[in-house]
Amino acid sequence: MLQPQNPIVVEVVKQPPITPEISYGSVLLSALGVVGVLFFAGIVVGIIIGGLIIWRKKQREATEPVDHSHVKLHISG
């Protein structure tokens, strides 16, 4: 009389595999990768902003009247 009418079903879930240990070398390599990406992103953004500043200056010089009281150095890269 103490037995249940329906059997109890227990579902066994498979455990996930153990994650590998992280070494100091892999942490250092990951950090250098992040620093490298940030470095190159900074270079690209700097080149873009520098180009925009130079372009804007040349546009402004083309539209402003020439001031003969100043000596302009015609330096081209």
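Residues numbered from 1 in each chain as written. Predicted model: local features only at pLDDT ≥ 70, side-chain atom pairs only at ≥ 80, totals over all residues. Heavy atoms only, no water.

J.: Sorry, what's going on with the overall build of the protein here?
T.: Assigned secondary structure in the protein consists of one helix and zero strands. Taken against the 2.2 N^0.38 rule, which gives 11 Å for 77 residues, the C-alpha radius of gyration of the protein at 34 Å runs more than 25% over that of a compact globule. Principal-axis analysis of the C-alpha atoms gives the protein an extent of 115 × 35 × 15 Å. Here the protein, with 77 residues, has 0% of them falling under the buried criterion. Of the roughly 8500 Å² that the protein leaves accessible, carbon and sulfur atoms contribute 69%. Of the side-chain charges in the protein, 6 are positive and 5 negative, and the distance between the mean point of each set is 10 Å. (Helix = DSSP H or I, 4+ residues; strand = E, 2+ residues; numbered from the N terminus. Rg over C-alpha atoms; globule rule 2.2 N^0.38 Å. Buried < 20%, exposed > 50% of the residue type's maximum accessible area, 1.4 Å probe, protein only. Areas by Shrake-Rupley, 256 points an atom, 1.4 Å probe, with all protein chains shown as cover. Lys, Arg positive; Asp, Glu negative; His and termini not counted. Charge placed at Lys NZ, Arg CZ, Asp CG, Glu CD.)

J.: Would you mind showing me how to read the packing of aromatic side chains here?
T.: If you walk through the whole model with that rule in mind, you get one aromatic pair. Residues F39 and F40 carry aromatic rings whose centres are separated by 5.3 Å and whose planes lie at 70 degrees to one another, so their mutual orientation is edge-to-face. (Phe/Tyr/Trp six-rings, centres within 6.5 Å; stacked < 30°, edge-to-face > 60°.)

J.: Is there a simple way to think about a positive patch on the surface in this case?
T.: Together, R56, K57, K58 and R60 make up a region of like positive charge exposed at the surface. A relative accessible area of 55% places R56 in the exposed class. (Patch = residues over 30% accessible without salt bridge, like charges linked within 9 Å, V, L, I, M, F, W, Y side chains within 5 Å. Salt bridge = Lys/Arg side-chain N within 4 Å of Asp/Glu carboxyl O.)

J.: When you look at the layout of surface pockets in this model, what are you seeing that I'm missing?
T.: In this approach a probe as big as a water molecule rolls over the atoms, and the regions it shows empty are the leftover space. Within this model, the second largest pocket holds a volume of roughly 170 Å³. Lining the second largest pocket we find I54, K57, K58, E61, K72, L73, H74 and I75. Residues belonging to the lining of the second largest pocket are distributed by class as follows: three nonpolar, one polar and four charged. (1 Å grid on protein atoms, 1.4 Å probe; cavity = no way out; pocket = protein on both sides within 12 Å on 5 of 7 lines; lining within 4 Å. Points joined across faces, edges and corners; volume = space filled by probe spheres on them. Nonpolar A, V, L, I, M, F, W, Y, C, P; charged D, E, K, R; others polar.)

J.: What should I look at first to understand the environment of L32 in this one?
T.: By the secondary structure assignment, L32 is in helix α1 (residues 24–63). With 42 residues separating them along the chain, L32 and H74 place their C-alpha atoms 42 Å apart.

J.: Honestly, a nonpolar patch on the surface in this entry has me stumped. Any pointers?
T.: A cluster of nonpolar side chains, namely F39, F40, I43 and I47, defines an oily patch on the protein surface of about 450 Å² accessible area. Tracing the backbone through its elements, the reader meets I47 in helix α1.

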